[in-house]
Amino acid sequence: MQVAHQGDHHDPPGLRHVLLLAVALIAAPPAAAATSRYAALPSPVALPSPVAQLSLSPPLSGGATSSAERVRHRITAATSVRVSLDRAGRPFAVQATQRLDVRVQGDYFFTIGAPARTARAAPGSEASPGLRVSSIVWAGFDPGRRTLAATIELEPRRAGGGLPLRVEIAHGHVTLVNATTITVRGFTAAVEPGPLARYARQLGRDLGAGRTPASGGVLATSKLKAASFTAVALLHVTGTVGGGRRVDLLLGAEPATVPGGRTIRLTVEPVSPSRLLRAMPVASGRRLLRRVTSVLLDLARERQYDTYLGNPDPVGRNETTYLYRTAARPVPAVTPAAPTARRSSLSRSLVLVGGLCAAVAFGLVAWSRS
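Definitions and limits used
Residues numbered from 1 in each chain as written. Predicted model: local features only at pLDDT ≥ 70, side-chain atom pairs only at ≥ 80, totals over all residues. Heavy atoms only, no water. Helix = DSSP H or I, 4+ residues; strand = E, 2+ residues; numbered from the N terminus. Contact = heavy atoms within 4.5 Å. Areas by Shrake-Rupley, 256 points an atom, 1.4 Å probe, with all protein chains shown as cover. Phe/Tyr/Trp six-rings, centres within 6.5 Å; stacked < 30°, edge-to-face > 60°. Buried < 20%, exposed > 50% of the residue type's maximum accessible area, 1.4 Å probe, protein only. Lys NZ or Arg CZ within 6 Å of the ring centre and 35° of its normal. Salt bridge = Lys/Arg side-chain N within 4 Å of Asp/Glu carboxyl O. Core = buried A, V, L, I, M, F, W, Y, C linked by side-chain atoms within 4.5 Å. Pairing = 2+ DSSP bridges. Axes fitted to C-alpha atoms, helices over the stretch in contact; angles between N-to-C directions. Polar contact = N/O pair within 3.5 Å; in protein donor to acceptor, adjacent residues only side chain to side chain. Lys, Arg positive; Asp, Glu negative; His and termini not counted. Expected span 1.5 Å × (residues − 1). pLDDT = per-residue confidence, 0-100.

A. Expanded view of the overall build of the protein. Each helix and strand in the protein was counted, giving seven helices and 19 strands. Looking at the protein alone, contacts between residues at least 24 apart form 76% of all its contacts between residues at least 6 apart. For the protein, the exposed area adds up to about 21,400 Å²; of that, 58% sits on carbon and sulfur atoms.

Below is the structure:
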């Protein structure tokens, strides 16, 4: 008797399982390798912006805005800030004079954020500013070029928060503290050094030419890790302390102590960190990333303190110089207190009693002689 054909007799189950397992093992290594290669592919990551706002101030009171319709004015801003210090180095008065060189014909309406007490046109201004709550306002027509200049008395407490230098006078020494230092969160990673080095060189060329540098990016070849950076605007401090001791130094995050008395005459200018790029060593991608990130953050900080009062043109050039001078605090006038009604009535009563006593005495003398 012939039995019906059974496939299992010629293709046992055990053999099929072995063949399937072999195919899986052969195919697995290429798939795993592909996954590994995919994970190692460089990933583009943005670097910190050189024009980032790292803190709320400066510029003061939210900065500046322009409301001109269909006209984009090109504006260069130059500001001089005079800081009056008492004998301990504390600021008690802050005055700013800002000059705006406005180009491009058309109407303009600018708002400059400032905790202003008073505002008046400075010499050379072709218009007068308006004073508002926490701002001054410029409005008018620009024939092609116009100079707008204002001298502003600022509220010292609010304006003092945006000053770059803190002065401490004690025990015959003057300590200069850079007040621009701030901690910023960033990242570190392994990156391809070639593109990053090229960006660093272009960044140096832009700074050397006075151009606003463009933002950049890196190709990360590892996972990003959170890191902390200290951003600081480098300050060029010149002048005298103690009536004659010369000061000329570049002040970074570390304070500087100068022997001298209580007389301060200092000029402070934020400067570009371009020298850090010139000294950039050959390094691994990770170390180069940390160095370039620090330069970009310092540059953003320097830009903030060069824009103390803001510029209505967001891409316009800004320059601010700070003048620190010791001065005498104004003595408030003392108004004599008016006599109270009770004291006045008491005085009148005493005068009346004195008059009555004199009259009685006079009468007694006259009677005794009669």
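B. A look at the packing of aromatic side chains. This structure, assessed with the given rule, holds two aromatic pairs. Seen from their ring centres, tyrosine 308 and tyrosine 322 are 5.6 Å apart, and the 85° between their planes marks the pair as edge-to-face. Note that tyrosine 308 is positioned in the loop between helix H6 (285-305) and strand E19 (318-326) and tyrosine 322 in strand E19, a separation of 14 residues in sequence. Using a relative accessible area of 0% as the deciding quantity, one classes tyrosine 308 as buried. Across from the ring centre of phenylalanine 229, 4.5 Å away, lies the NZ or CZ of arginine 290, which sits over that ring.

C. Quick peek at the pattern of salt bridges. Applying the stated criterion across every chain yields a total of eight salt bridges. Arginine 211 is the partner of aspartate 206 in a salt bridge, and the nearest nitrogen-oxygen pair spans 2.8 Å. Judged by relative accessible area, which is 44%, arginine 211 ranks as partly exposed.

D. Structural detail: the nonpolar core. Judged by nonpolar contacts, the single largest core of 46 residues is most densely connected at Trp138, Tyr308 and Tyr324. With five residues, the top contributor of residues to this core is strand E3 (residues 74-85). The contacts of tryptophan 138, once residues within four sequence positions are left out, are Leu100, Tyr108, Phe109, Phe110, Ile112, Ser125, Ala127, Ser128, Pro129, Leu148, Ala149 and Ala150. Ranked by size, the runner-up nonpolar core spans 20 residues in total, among them Ala189, Val218, Val292 and Leu296.

E. A look at the sheet that holds strand E5 (residues 106-113). Pairing in this open sheet of four strands is antiparallel, and the strands run E2-E5-E8-E7 from one edge to the other. Looking along the sheet, the strands with just one partner apiece sit at the ends: strand E2 (64-66) and strand E7 (130-132). Direction aside, neighbouring strands of the sheet carry axes that sit 20° apart on average. Pairing of E7 with strand E8 (residues 135-142), which is carried by three bridges, proceeds in the antiparallel orientation. When the bridges of E8 are listed, leucine 131 appears paired with isoleucine 136.

F. Representation of the environment of arginine 211 within the structure. Along the chain, the position of arginine 211 falls in the loop between helix H4 (193-208) and strand E13 (217-220). Each C-alpha atom of the pair arginine 211 and arginine 317 lies 8.9 Å from the other, and the pair is 106 residues apart in sequence. Ignoring any residue separated from it by four or fewer positions in sequence, one finds arginine 211 in contact with Gln202, Arg205 and Asp206. At 2.8 Å, the side chain of arginine 211 forms a polar contact with the side chain of aspartate 206.

G. View of the sheet that holds strand E17 (residues 256-259). Strand order in the open sheet made by the three strands is E10-E11-E17, with antiparallel pairing throughout. The open sheet terminates on both sides in strands that have one partner only, identified here as strand E10 (165-170) and E17. Adjacent strand axes in the sheet meet at a mean angle of 20° when their direction is disregarded. Two strands pair when backbone bridges link them, and E10 and strand E11 (residues 173-178) are joined in this way by six bridges, in the antiparallel orientation. Within E11, the residue paired with glutamate 168 across the bridge is threonine 175.

H. Focus on the side chain of arginine 325. Locating arginine 325 in the fold gives a position in strand E19. Glutamate 269 is the oppositely charged side chain nearest to the buried, salt-bridge-free arginine 325, at an N-O distance of 11 Å.

I. Molecular detail of H6. The end-to-end C-alpha separation of H6 is 31 Å, in line with the 30 Å expected for 21 residues at 1.5 Å each. Taking burial as the measure, the 21 residues of H6 include 15 buried ones, the bulk of the element.

J. Structural detail: the confidence of the model for the protein. Scored by pLDDT, the protein has a mean of 83; 78% of the residues are at 70 or more. Low confidence marks residues 1-39, where pLDDT is under 50. Its contacts with residues over four positions away, or in another chain, come to three contacts. A low-confidence stretch, residues 359-370 stays under pLDDT 50, and its non-local contacts, those more than four residues away or across chains, total zero contacts.

K. Molecular detail of the pairing of strand E18 (residues 264-271). Residues Ile264, Leu266, Val268 and Pro270 line the buried face of E18, whereas the alternating positions Arg265, Thr267, Glu269 and Val271 sit on a face that is not buried. Where strand E15 (residues 234-241) meets E18, eight bridges bridge the pair, whose relative direction is antiparallel. By the bridge assignment, valine 237 is partnered in E18 with valine 268. Taken together, the four bridges between E18 and E19 define a ladder with antiparallel strand orientation. Considered in E19, the bridge of threonine 267 is made with leucine 323.

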